[in-house]
Amino acid sequence: MADSLIIIPTYNEKENIERIIRKVFSLEGDFHILIVDDGSPDGTGMIVKDLCASFPDRLHIEERRGKLGLGTAYIHGFRWALARSYAYIFEMDADFSHNPDDLLRLKEACITGADMAIGSRYIQGVNVVNWPMKRVLLSYFASMYVRAIMRIDIQDATAGFVCFRREVLETIHLDKIRFVGYAFQIEMKFKAIQEGFRVVEVPIIFTDRTHGISKMSTKIFREAFWGVISLKWASLFKKSNRKGSQ
């Protein structure tokens, strides 16, 4: 069985989903893909199910009823992965904002010592293509805000292109993850650092989607703003889950 699973949450991604699946499967290395589809009314799930016949045992789909949020989709995928023998588990978007070629670099970072490798837009300047300046600044300063409040040395705290070693997801209490949007990404990084895992950033170029509609909303940004404060406060009273921790 392959040692790597890529989790891709979807909601109305019919313009992108077949292309991203075929691109991933064209890479060197035996990657598997799990699509977590939230009942896309545009037929994304049906496209994936049709493709499963072309990629037996490599392509999988879990369908959920209704739009339940990015964070819960990843938690669903993490549990699915941990019930199997995958050693490396990835988060990736369906819209090509994350270049599938960079999967190999994220995995290599974990093979060579990282526990969690982040595809970072900001570790070497600002590497974002096709975003309006307002959104670039909002994202960049959001990461600065996270670093200031949480005292973590992560340049791209809201990044959603990530490779985890299995042990990280086994250690973090997934049933206690609270957030669903940008704050979910921040929470996963923060908890990994709290548990003493080695988190590294791998520079990538982020390209905004050219097909489909962004899922970003004011509600997601608001959750992240207040979520950072509540996470930091809760962390003051938390003990590590790792064996041997004091």
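Cut-offs used in this document
Residues numbered from 1 in each chain as written. Predicted model: local features only at pLDDT ≥ 70, side-chain atom pairs only at ≥ 80, totals over all residues. Heavy atoms only, no water. UniProt positions renumbered as here; feature names shortened; annotations may be inferred. Pairing = 2+ DSSP bridges. Helix = DSSP H or I, 4+ residues; strand = E, 2+ residues; numbered from the N terminus. Axes fitted to C-alpha atoms, helices over the stretch in contact; angles between N-to-C directions. Contact = heavy atoms within 4.5 Å. Salt bridge = Lys/Arg side-chain N within 4 Å of Asp/Glu carboxyl O. Buried < 20%, exposed > 50% of the residue type's maximum accessible area, 1.4 Å probe, protein only.

Per an unreviewed UniProt entry, the chain carries the name Polyprenol monophosphomannose synthase and comes from Sphingobacterium populi. Turning to the chain, the UniProt record has this under Sequence similarities (unreviewed entry): "Belongs to the glycosyltransferase 2 family."

Caption draft 1: Spotlight on the sheet that holds strand E1 (residues 4–10). Read from one edge of the open sheet, 7 strands run E3-E2-E1-E4-E7-E5-E8, paired in mixed fashion. Two strands bound the open sheet, and with one partner strand each, they are strand E3 (59–63) and strand E8 (199–203). On average, each strand axis in the sheet is tilted by 20° relative to the strand beside it, whichever way the strands run. Pairing analysis gives 5 bridges linking strand E2 (residues 31–37) to E3, with the strands arranged parallel. Note that in E3 the partner of Leu34 across the bridge is His60. Sitting on the sheet, helix H1 (residues 17–25) touches E1, E2 and E3, and the angle it makes with E2 is about 160°.

Caption draft 2: The pattern of salt bridges, seen in detail. In total, this model carries 11 salt bridges according to the counting rule given. Across the salt bridge formed by Asp156 and Arg121, the nearest N and O atoms sit 2.7 Å from each other. Of the two residues, Asp156 is situated in the loop between helix H5 (133–150) and strand E7 (162–165) and Arg121 in the loop between strand E5 (116–120) and strand E6 (128–129); the sequence distance between them amounts to 35 residues. Taken as a pair, Asp156 and Arg121 share a single burial class, namely buried. Of the charged contacts in the structure, one is a salt bridge between Glu167 and Arg165, with a shortest N-O distance of 3.7 Å. Glu167 gets classed as partly exposed once you look at its relative accessible area, which sits at 30%. Among the residues examined, Arg165 registers a relative accessible area of 24% and is labelled partly exposed.

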